[in-house]
Amino acid sequence: MCVCTSCTITDHKTHNTVTVEEESEERKSQFGRRQAEVHLMIQNRMKKIEDIKCLVHISKQSSEKEKADCVELFADLIRSIESCQSELLEVMEQKQKAEEKQAEELIKELEQEITELKRRNTELEQLSHTEDHLRLLQIYPSLCSPLDTKIWTGISTDTNLREDALRRALSKHQEYLNGAMVKITGAELRRIEKFTVNVTMDPETAHPKLLLSEDDKQVGYGETRQIVPDNPWRFDKCPSVLGKEGFSSGKFYFEVQVEGKTEWDLGVARESVIRKGIITLSPRNGLWTLWLRNGSEYKACDCLSVSLSLKVKPQKVGVFVDYEEGLVSFYDVESRSHIYSFTDQSFTEKLYPYFSPGFNNGDTNSAPLITSPVSKNKWILGNHNYL
């Protein structure tokens, strides 16, 4: 029997016919291939399930480790607080006992003086009624001579010593807290460093007086205005430049060397940030930044600027962004300390790394900003050579 391969009607007269046996074998072959595909899809999904289970297991182990570390940290913190409290109470107890002993000595001395004064008063009272004028003249000098007594004025206890003890105890505890914070921030940096991205600067956005290295990883301010296209995305007043790559999801982290500088701005900017004219650094204007001025004045350029008191001058600043969480955090990389965080932000556009090396200020600020890892290629900025 023959069957048409197009309509499968038996005895259909056409030259394009095959036997039923041949058609059946072809269908079986197709079923076999389809079955193999389905089997592979099943295996892939089973593998995906195993991968998810593995990730959950790893996540659970990591979570258990983090919880154990937190328990240990807070246990140490509690022990530190209890030790601090115990030491402080001991100091205060010793101080109180010393004050009580001093008070007892003072009371004893006062009582002795009172006894002597009463004796003198009795003698004077007796002499005031005597008729023996000769005796009166004889003992008058001794009775009227000054008594060996103190002038008891301004007696008080020194409560400042208690406050000093409390301050010293809290300072000691603060040292422990600072150490704990360094430990926590170090772990935080190790976690976020895996989101490190290779940041290069976009010459098309650079202010005409900014000079970029050949690899676009270093930027400094030059005194001569370069002849460059005045495109809509170039900064024309503020000495700023953006990174080449923008980010619209996920997490990313980059580091910038700021060593030797007295002025800089660092952070991220949204894609639609104004490039023309004077720019106010603020999240309202699509900029999440820190700045340095006058060599030691640090500020977080939040909606209301926040002055920052940094114990050490950062040589390298880390910038971490969690797009979905609306988080922009800054770190002092070398001291492993947190500087500032913008939280609960709402990002709707691409975010680009933002850099401003500031003006040279009479050559005191001529060092470049350098994105990490630092390029080993030599480049020239003005009359200064940098490696």
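Residues numbered from 1 in each chain as written. Predicted model: local features only at pLDDT ≥ 70, side-chain atom pairs only at ≥ 80, totals over all residues. Heavy atoms only, no water.

Draft legend 1. Seen up close, the overall build of the protein chain. Of regular secondary structure, the protein chain possesses three helices and 17 strands. For the protein chain, buried positions account for 32% of its 387 residues. Within the protein chain, counting contacts between residues at least 6 apart in sequence, those at least 24 apart form 63% of the total. Looking at the protein chain as shown, the accessible area adds up to about 25000 Å², and 55% of this sits on carbon and sulfur atoms. (Helix = DSSP H or I, 4+ residues; strand = E, 2+ residues; numbered from the N terminus. Buried < 20%, exposed > 50% of the residue type's maximum accessible area, 1.4 Å probe, protein only. Contact = heavy atoms within 4.5 Å. Areas by Shrake-Rupley, 256 points an atom, 1.4 Å probe, with all protein chains shown as cover.)

Draft legend 2. Main features of the sheet that holds strand 7 (residues 264-270). Here six strands make up an open sheet; going across it, the order is 5-14-7-8-9-10 and the pairing antiparallel. Either end of the sheet is taken by a strand with one partner, and the two such strands are strand 5 (241-242) and strand 10 (306-308). Where strand 7 and strand 14 (residues 351-356) come together, six bridges link them in antiparallel fashion. From the neighbouring strand, Arg270 faces strand 14, where its bridge partner is Leu351. (Pairing = 2+ DSSP bridges.)

Draft legend 3. A look at the sheet that holds strand 11 (residues 316-322). If you trace the seven strands from one edge of the open sheet to the other, you get 3-4-15-6-11-12-13, paired in antiparallel fashion. Each end of this open sheet is capped by a strand with a single partner; those strands are strand 3 (210-212) and strand 13 (337-342). With direction set aside, neighbouring strand axes in the sheet form an average angle of 20°. As paired elements, strand 11 and strand 12 (residues 327-332) share six bridges and run antiparallel to each other. (Axes fitted to C-alpha atoms, helices over the stretch in contact; angles between N-to-C directions.)

Draft legend 4. Local environment of the nonpolar core. If you look at the biggest cluster of nonpolar residues, it comprises 35 residues, and the most contacted ones within it are Phe254, Trp264, Val328 and Phe355. The next biggest cluster of nonpolar side chains, apart from the first, holds eleven residues, and it includes Cys238, Leu242, Val273 and Leu287. (Core = buried A, V, L, I, M, F, W, Y, C linked by side-chain atoms within 4.5 Å.)

Draft legend 5. Layout of the packing of aromatic side chains. Under the defined criterion, the tally for this structure stands at eleven aromatic pairs. Between Phe247 and Phe252, the aromatic rings sit 4.1 Å apart at their centres with planes inclined by 15°, giving stacked as the arrangement. Overall, Phe252 belongs to the buried group, its relative accessible area being 1%. With 5.2 Å between their ring centres and 80° between their planes, Tyr340 and Phe342 make a pair best called edge-to-face. (Phe/Tyr/Trp six-rings, centres within 6.5 Å; stacked < 30°, edge-to-face > 60°.)

Draft legend 6. Expanded view of the pattern of salt bridges. On inspection of all chains with the given rule, the structure shows ten salt bridges. Put simply, Glu37 and Arg34 hold a salt bridge, and the shortest N to O gap is 3.0 Å. Of this pair, Glu37 and Arg34 both sit in helix 1 (residues 20-127), three residues apart, which is roughly one turn of that helix. For Arg293, the salt bridge identified is with Asp265, shortest N-O distance 2.9 Å. Here the residue Arg293 occupies a position in strand 8 (residues 287-293), and Asp265 occupies one in strand 7, the gap between them amounting to 28 residues. For the residue pair Arg293 and Asp265, the accessibility class agrees, reading buried in each case. (Salt bridge = Lys/Arg side-chain N within 4 Å of Asp/Glu carboxyl O.)

Draft legend 7. Spotlight on unusual backbone geometry. Of note in this structure, Asp216 is not a glycine but carries a positive phi near 60°. With respect to the helices and strands, the residue Asp216 is situated in the loop between strand 3 and strand 4 (218-221). What makes Asp216 buried here is its relative accessible area of 12%. Unlike most non-glycine residues, Asp344 shows phi in positive territory, near 55°. Looking at the element boundaries, Asp344 is found in the loop between strand 13 and strand 14. Since its relative accessible area comes to 71%, Asp344 is described here as exposed.

Draft legend 8. Examining the side chain of Thr371 more closely. With respect to the helices and strands, the residue Thr371 is situated in strand 15 (residues 369-371). At a separation of 3.2 Å, a polar atom in the side chain of Thr371 contacts the main-chain carbonyl oxygen of Val199. Among all residues touching Thr371, those that are not within four sequence positions of it are Val199, Met201, Lys217, Glu255, Val256 and Phe355. (Polar contact = N/O pair within 3.5 Å; in protein donor to acceptor, adjacent residues only side chain to side chain.)

Draft legend 9. Spotlight on the pairing of strand 13. Sheet analysis places strand 12 next to strand 13, joined by five bridges and oriented antiparallel. Residue pairing for strand 13: Val328 is matched across the bridge by Phe342. Taking the residues between adjacent antiparallel strands as the criterion, strand 12 and strand 13 are bridged by four residues, where Arg336 takes a positive phi near 55°.

Draft legend 10. Representation of a negative patch on the surface within the structure. On the surface, a cluster of negative charge is contributed by Glu90, Glu93, Glu100, Glu104 and Glu105. Position of Glu104 relative to the elements: it lies in helix 1. (Patch = residues over 30% accessible without salt bridge, like charges linked within 9 Å, V, L, I, M, F, W, Y side chains within 5 Å. Lys, Arg positive; Asp, Glu negative; His and termini not counted. Charge placed at Lys NZ, Arg CZ, Asp CG, Glu CD.)

Draft legend 11. Spatial organisation of the pairing of strand 11. Counted residue by residue, strand 11 has seven buried out of seven residues, so it is predominantly covered. Residues of strand 11 alternate between two faces, with Lys316, Gly318, Phe320 and Asp322 on one and Val317, Val319 and Val321 on the opposite face, all of them buried. Both strand 6 (residues 251-257) and strand 11 contribute to a ladder of seven bridges, which runs antiparallel. Residue pairing across strands places Tyr253 opposite Phe320, the latter belonging to strand 11.

Draft legend 12. Summary view of a nonpolar patch on the surface. Taken together, the side chains of Val38, Ile42 and Met46 present a nonpolar region at the surface, about 250 Å² in accessible area. Structurally, the position occupied by Ile42 is in helix 1.

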